[in-house]
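An overview of the molecular structure
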Amino acid sequence: MRVRERTGLLDVPGAQLYHEVRGEGPGLVIVPTGNGDATPMRPLATSLADQGFTVVTYDRRGFSRSPIDLPFDVDRRPDDDADDIGRLIEHLDLAGAHVFGGSSGAIVALGALERVPEQVGTVVAHEPPLATALPDAEEWLAFYTDLYDRYRREGAAAAQRHFRATMGMTASTRPPPEVELPGPQLAELLDRLRRNQDFWFEYEIRTYPSVVCDLRLLRANASRLVLAGGTDSRSTWPYRPGLALAEQLDASITHFPGGHVGYVTHPFAFADRLAEVLAGAR
């Protein structure tokens, strides 16, 4: 079944948010990862729309088709990102929408639960790279500072290779062949992602791992929080911060198919699991 799709551009303080809406039913906002772009989430979103959700995907502010006003306060970006979820939910009249985010998007999703809890339903945070949650936080915060310096010296491609090797992300992060975009659309996406990578290194790589969660607020909303991890990433670094946060909240990890970006590499199985988790939370 082909779900109904529509696009829009929402004016928010300091930016515009390009967004796509699919399907009908309970609201679900999918927050993009550090690449900032909605398109890699399309197969996941379409599958969830087929399962009865109104699914919102969007480009985070400053990425791809969501232009940002210059200059801007880099340190405020995590809060602005979290507030943008509330703005999208209000604009689209989806009060109580669930929120899913992976990687940097998981940090944004956690921020929404802290900052706009009255607007969101269940929040599923998949492997947030919160270095501050770890007992060896200073070591990892230094790693991200060094990674930024490497980016400035050697460029985004070299820094990205070093990042993936350190994170243990050796497996493919490509989507399955049956959902790969046609040539022109793929070329357009790859061009956006190349530009986004520079933006990510310049403005996020040090800021987002440094976010300190408000454990009091998260505990107060614990019944609506699902901390998630990939079945294939338990031995890699991206799994560790979510696990540490779960221990601090006396919670457990809910496992999903694939690794750190299982929502891209295993979109259909991941969508089934996410629908199951959200059904149990209703």
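The structure this text deals with has already been given above.
Presented here is a report on the structure given in the accompanying data block. The shown structure was predicted, so the numbers you read here are calculated from the model rather than taken from an experiment.

**With respect to the nonpolar core**
Residues I85, L110, V120, Y144 and L227 are the most contacted members of the largest nonpolar core, which totals 61 residues. Considering every element that reaches this core, the biggest residue donor is helix 3 (residues 104-115), with seven residues. If we skip the residues at most four places from it in the chain, I85 touches V31, Y58, V99, V108, A109, A112 and V120. Ranked by size, the runner-up nonpolar core spans 23 residues in total, among them A45, V55, V264 and A271.

**A few points about the pairing of strand 7 (residues 225-230)**
Strand residues, when the strand is regular, have side chains that alternate between the two faces of the sheet. Most of strand 7 is tucked away, with six of its six residues classed as buried. Sheet topology note: the strand 6 (residues 120-126)/strand 7 ladder contains four bridges and is parallel. Bridged to V123 within strand 7 is L225. Here four bridges tie strand 7 to strand 8 (residues 253-256), and the two strands are oriented parallel to one another. Each bridged residue has a counterpart across the sheet, and for G229 the counterpart in strand 8 is H255.

Calculation rules
Every chain's residues receive numbers from 1 upward, in the order its sequence appears when written. Two thresholds apply to this predicted model, a pLDDT of at least 70 for residue-level local features and 80 or more for giving and counting side-chain atom pairs, whereas whole-chain, interface and lining totals are computed over all residues. Side-chain descriptors were evaluated using all non-hydrogen atoms of the structure, hydrogens and water having been removed beforehand. Side-chain atoms within 4.5 Å are what join buried Ala, Val, Leu, Ile, Met, Phe, Trp, Tyr and Cys residues into a set we call a nonpolar core. We call a residue buried when its accessible area falls under 20% of the maximum for its residue type, exposed when it is over 50%, and partly exposed in between, using a 1.4 Å probe and counting protein chains only. Strands here are runs of E lasting at least two residues and helices are runs of H or I lasting at least four, both read from the DSSP assignment and numbered beginning at the N terminus. Note on definitions: a residue-residue contact is assigned when non-hydrogen atoms from the two residues lie within 4.5 Å. Strands are treated as partners if at least two bridges between them are detected by DSSP.

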